[in-house]
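The primary structure of each chain is shown beneath.
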Amino acid sequence: MVVKVCVGSSCHLRGSYDVIEEMKRLVKKYGVEDKVDLQATFCVGNCTNGVSVLADEMLVHNANKDNCEELFLTQIYPHLSK
């Protein structure tokens, strides 16, 4: 699964690099390095809703370093076994 974290201006200011680092940690913690291709991407057009994360075609927004694990476990991890 390709997981893209927006690093456009708005998301950058809201902590997208913290989200990327947390996602790297979670991918390793849950042993899914072979199932997740973590990437940065520029603006996904969802600037008013916090840091945006695209997991395949699913949009997750309002990501931050504090809720990243919850979002990972509820929005991304369940789809990795498909």
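Residues numbered from 1 in each chain as written. Predicted model: local features only at pLDDT ≥ 70, side-chain atom pairs only at ≥ 80, totals over all residues. Heavy atoms only, no water.

**Some words on the state of the cysteines**
One pass over the structure, following the stated rule, counts 0 disulfides. With no disulfide partner, Cys47 has as its closest neighbouring cysteine sulfur the one in Cys43, 3.5 Å distant. Residue classification places Cys47 among the partly exposed residues on the basis of a relative accessible area of 35%. Unpaired in this structure, Cys68 has its nearest cysteine sulfur neighbour in Cys11, at a distance of 13 Å. Judged by its relative accessible area of 0%, Cys68 is buried. (Disulfide = S-S within 2.5 Å. Buried < 20%, exposed > 50% of the residue type's maximum accessible area, 1.4 Å probe, protein only.)

**Digging into unusual backbone geometry**
For Asp56, which is not a glycine, the phi torsion comes out positive at approximately 55°. On the secondary structure map, Asp56 appears in the loop between strand S3 (51-55) and strand S4 (58-63). (Helix = DSSP H or I, 4+ residues; strand = E, 2+ residues; numbered from the N terminus.)

**Quick notes on the confidence of the model for the protein**
Summary statistics for the protein give a mean pLDDT of 93 and a share of 99% for residues scoring 70 or more. Per-element confidence in the protein ranges from a low mean pLDDT of 90 for S4 to a high of 97 for helix H2 (residues 16-29). (pLDDT = per-residue confidence, 0-100.)

**Section: the nonpolar core**
Of all hydrophobic cores here, the largest spans 22 residues; its most connected members are Val19, Met23, Val53, Phe72 and Ile76. Mapped by element, the contributors of at least two residues to this core are strand S1 (2-6), H2, S3, S4 and helix H3 (68-76). (Core = buried A, V, L, I, M, F, W, Y, C linked by side-chain atoms within 4.5 Å.)

**A few points about H2**
Taking 1.5 Å per residue as the helical rise, H2 with its 14 residues ought to reach 20 Å, and the 20 Å between its terminal C-alpha atoms agrees with that figure. Looking only at H2, the buried set comprises Ser16, Val19, Ile20, Glu22, Met23, Leu26 and Val27. Against the buried residues of H2 lie S1, helix H1 (9-13), strand S2 (37-41), S3, S4 and H3. Immediately beyond the C-terminal end of H2, within one or two residues, lies Gly31, with a positive phi of roughly 65°. (Expected span 1.5 Å × (residues − 1). Contact = heavy atoms within 4.5 Å.)

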